[in-house]
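Structural characterization, general
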Amino acid sequence: MNNASFFQRFVAWSIDRAILSILYFLGSLAVGVVSAVYTSSRIDVPNLLSSVGVGVFMLVSILGDFLYFGYFWSRKERSIGMGIMNI
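Below, the structure is looked at part by part.

So, how was this worked out
- Residues numbered from 1 in each chain as written.
- Predicted model: local features only at pLDDT ≥ 70, side-chain atom pairs only at ≥ 80, totals over all residues.
- Heavy atoms only, no water.
- Core = buried A, V, L, I, M, F, W, Y, C linked by side-chain atoms within 4.5 Å.
- Buried < 20%, exposed > 50% of the residue type's maximum accessible area, 1.4 Å probe, protein only.
- Helix = DSSP H or I, 4+ residues; strand = E, 2+ residues; numbered from the N terminus.
- Contact = heavy atoms within 4.5 Å.
- Polar contact = N/O pair within 3.5 Å; in protein donor to acceptor, adjacent residues only side chain to side chain.

Here we look at the nonpolar core
Of all hydrophobic cores here, the largest spans 5 residues; its members are Leu20, Tyr24, Tyr68, Phe69 and Phe72. Elements with a minimum of two residues in this core: α1 (6-40) and α2 (47-75). Looking at this core, the element that brings in the most residues is α2, giving 3 residues. Dropping the residues within four chain positions of it, phenylalanine 72 is found in contact with Glu77, Arg78, Ser79 and Ile80.

Here you go:
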């Protein structure tokens, strides 16, 4: 069995990060649209809500990483990036 090089693992990790970044971007875009709807309807969103939103987004991203890698490593024994790089 051949071991993957550092470069192969880095590229696989970068692919996985790109996939997750796109998902997180779409999620934050949806939250932004909802926030804009509330703001345009003259309902004030307090600053506390925006700071709580940052904390929630950080927890969601940690949970998202855990679920993404946990699912693919337990079901497929490799992530999408690892599959593309043939690791």
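Still to come is the rest of the account.
Quick notes on the environment of glycine 27
Tracing the backbone shows glycine 27 in helix α1. Exposure remark for glycine 27: the relative accessible area of 34% places this residue in the partly exposed category. Taking C-alpha positions, glycine 27 is 10.0 Å from valine 60, a pair spaced 33 residues apart along the chain.

Remarks on unusual backbone geometry
Unusually for a residue other than glycine, glutamate 77 sits at a positive phi of about 65 degrees. The class for glutamate 77 is exposed, based on a relative accessible area of 68%. The phi dihedral of asparagine 86 is positive, around 60 degrees, even though this residue is not glycine. You can see asparagine 86 is positioned in the segment after α3 (80-84).

A look at the side chain of serine 61
Mapping serine 61 onto the fold places it in helix α2. Within polar-contact distance, the side chain of serine 61 engages the backbone oxygen of methionine 58 at 2.8 Å.

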